[in-house]
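Below, each chain spelled out in residue letters.
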Amino acid sequence: MLAVVGLALSVAIFATWTILLARLDDRMTAELGNEVQKLRNYADSALDPKTGSTVTGVQELLTKYLALNAPDQRETFFSIIDGRADKVPFKLPPVRLDTDEELVGRMATATRVIRDEMETTQGTVQYAVIPVSVAGDNRRGHFVVAIFYDQHRDEIVDAVRVLGLSALAAMGLAGVAGWLVAGQVLAPVRLVRQTAEQISDSSDLTRRLDVPGDDDVAALAGTFNHMLDRLEQAFVVQRHFMDDAGHELRTPITVIRGHLELMGDDPDDRAETLALVTDELERMNRIVDDLLTLAKAEQPGFLALDHVELADLTVSVVAKARALGERRWRVDEVAEARLPADRHRLTQALMQLVANAVRHTADDDLIAVGSAVRDGRVELWVRDSGPGVAPAERERIFGRFVRGAGRTGAHDGAGLGLAIVRSIAQAHGGNVKVTEAPGGGACFVMSLPLWELWRLH
Ligand SMILES: Nc1ncnc2c1ncn2[C@@H]1O[C@H](COP(=O)(O)OP(=O)(O)O)[C@@H](O)[C@H]1O
Ligand SMILES: [Mg+2]
């Protein structure tokens, strides 16, 4: 930034310098021309008998002219009579040209106005030599006007130097001021960065940025804090999940180890232990499978979308479910619709719900599966005539490793089934909830938005 300003100023100063020099040249020319004209005017009036003038000779004419005209600063005049310097003005110039006889001799040869320049100890001097003659006087007169060009130029050099120095000073000041202002403006940003660094160094996600005010930096800090909130929350959830998973897997391992340590030599005893151990290992296997499904559900590419006939899906789930137990199986209703969805994941979810229903019912209880399109949403449900789910439990049971109060039997699941159902529903852009079935049992309903499914497709 400063470099750009510096460049612009240099260009401006250089342009000023060039323009002033060009003007100086013009002025010099004009000045010399002016002096010639002045002398000519004077001669005209002094030699005109009508004006009552008594000037008769060329020497007298030039001497009078010199007496009347004082040279300007950095300018000098003198007269030459017959090739010799005659009169100089009262005010002497810094360099005497009239004392240089050779120069004066050369000047005296001029027969018309000549202009030239020469080098002196005071730099370049521009001069004009004007030959003057008066009728009736045969002496040759010359009048010399000299201007000290370099002295005029030095004036410009001084002006440009002052200009350059003040530009430099202004730039320096601007630079310092800019640096100070930038430092002040960036201070909150630096604070944000330092705090963020400390947080990432210490992995302490409970820390927050404290930036007062309502400017952009404060808003940035707010966004950053919000992100930390979510990150912290995600870590807490993940840690709980890991704790729970570890705990769930440790239980079967402890059981297996206990049985193996106590195993005797008796073949019956061994067979029994083997059956128990196999059973526990299968349970572990199921938990690991479920955990993998849940982990996958959070990754992209979880769903393999296909066109799913809802009627087909509903009927085939009931057909598969019959093998799970003696129940009064029923298809409530089927939707004659086709939607893009993952057939295997939807079947997996419905089979989880059916397996739960079987576990919470007895022989001859009713279990019904149905599908329908209502208000632009696809609904898939499984209901039973079992004990149902208490209102207080209805949200909680969808959590990971959450088992309801009324569980029975030694081979209960790990409480991951409904969590998987929810993940599958959410992957399809929908949700799942449990309500009370008409007969008092549980009714689990997955609701999937049709538009969302089309969008996913
Ligand atoms: N059809 C149902 N009727 C009554 N309670 C149910 C039903 N399905 C699930 N539940 C309750 O929800 C809890 C969580 O179910 P789930 O996540 O499948 O875990 P799990 O089957 O391993 O216990 C069950 O422990 C149970 O208390
Ligand atoms: Mg279950």
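On a predicted model such as this, the values are computed, not experimentally measured, just so you know.

Points about the overall build of the protein chain
Of the regular secondary structure elements, the protein chain holds ten helices and twelve strands. Summarising its shape, the C-alpha atoms of the protein chain cover approximately 160 × 55 × 40 Å along the three principal directions. Considering the protein chain as a whole, with its 457 residues, one finds that 38% of them fall into the buried category. Across the protein chain, every contact between residues at least 6 apart in sequence was considered, and the portion connecting residues at least 24 apart equals 63%. Computing the positive centroid from 50 side-chain charges and the negative centroid from 66, the protein chain places the two 3 Å apart.

Describing the site of ligand 1
In the region of ligand 1, 18 residues are neighbours, and Asn-356, Asp-384, Gly-404, Gly-415 and Leu-418 sit closest. Here Gly-415 contributes a backbone N or O atom positioned 2.8 Å from an oxygen atom of ligand 1. At 3.4 Å from an oxygen atom of ligand 1 is found a main-chain nitrogen or oxygen belonging to Gly-417. Put simply, the parts of the chain that give the shell around ligand 1 at least two residues each are helix H8 (343–359), helix H9 (417–427) and strand E12 (442–449).

Focus on the packing of aromatic side chains
Tallied over the full model, the rule gives five aromatic pairs. Relative to Phe-401, the ring of Phe-241 lies with its centre 5.9 Å away and its plane at 35 degrees, an arrangement referred to as tilted. Here the residue Phe-241 occupies a position in helix H5 (residues 216–262), and Phe-401 occupies one in the loop between strand E10 (377–384) and H9, the gap between them amounting to 160 residues. With relative accessibility at 17%, the residue Phe-241 sits in the buried group. The class of Phe-401 is buried, set by a relative accessible area of 9%.

Describing the packing of helix H6 (residues 267–297) against H9
For the pair H6 and H9, the least separation of the axes is 10 Å and the interaxial angle reads 25 degrees. One way to sum up the angle between H6 and H9 is to call them roughly parallel. The chirality of how H6 crosses H9 is left-handed. Between H6 and H9, the residues in contact are Asp-290, Thr-293, Leu-294 and Ala-297 and Ala-419, Ile-420 and Ser-423, respectively.

Some remarks on the domain arrangement of the protein chain
Per the domain assignment, the segments of the protein chain are domain 1 (2–156), domain 2 (216–296) and domain 3 (303–456). Look at where the C-alpha atoms of domain 2 and domain 3 centre, and you get two points 24 Å apart. Here domain 2 packs against domain 3, burying approximately 1100 Å² in sum over the two surfaces, 61% of which is carbon and sulfur. A salt bridge links Arg-403 to Glu-248; the shortest N-O distance between them is 2.9 Å.

Focus: the side chain of Glu-280
Along the chain, the position of Glu-280 falls in helix H6. We classify Glu-280 as buried; its relative accessible area is 14%. Leaving out residues up to four positions away in the same chain, Glu-280 has contacts with Pro-252, Val-255 and Ile-256.

A short note on the nonpolar core
Counting residues in each nonpolar core, the largest one holds 49 residues, and the members touching the most others are Leu-346, Leu-350, Val-354, Leu-380, Val-382, Phe-444 and Met-446. With eight residues, the top contributor of residues to this core is H8. Apart from residues lying up to four places away in sequence, Val-354 is in contact with Val-317, Ala-321, Leu-324, Trp-329, Val-369 and Val-382. The next biggest cluster of nonpolar side chains, apart from the first, holds 28 residues, and it includes Leu-32, Ala-128, Val-134 and Ala-167.

Cut-off values and rules
Residues numbered from 1 in each chain as written. Chains lettered and ligands numbered in written order. Predicted model: local features only at pLDDT ≥ 70, side-chain atom pairs only at ≥ 80, totals over all residues. Heavy atoms only, no water. Helix = DSSP H or I, 4+ residues; strand = E, 2+ residues; numbered from the N terminus. Buried < 20%, exposed > 50% of the residue type's maximum accessible area, 1.4 Å probe, protein only. Contact = heavy atoms within 4.5 Å. Lys, Arg positive; Asp, Glu negative; His and termini not counted. Charge placed at Lys NZ, Arg CZ, Asp CG, Glu CD. Near = heavy atom within 4 Å. Polar contact = N/O pair within 3.5 Å; in protein donor to acceptor, adjacent residues only side chain to side chain. Phe/Tyr/Trp six-rings, centres within 6.5 Å; stacked < 30°, edge-to-face > 60°. Axes fitted to C-alpha atoms, helices over the stretch in contact; angles between N-to-C directions. Parallel < 35°, antiparallel > 145°, perpendicular 65-115°, else oblique. Left-handed = near helix turned anticlockwise from the far one by under 90°. Domains from an automatic or database assignment. Buried area = accessible area lost by both parts, 1.4 Å probe. Salt bridge = Lys/Arg side-chain N within 4 Å of Asp/Glu carboxyl O. Core = buried A, V, L, I, M, F, W, Y, C linked by side-chain atoms within 4.5 Å.

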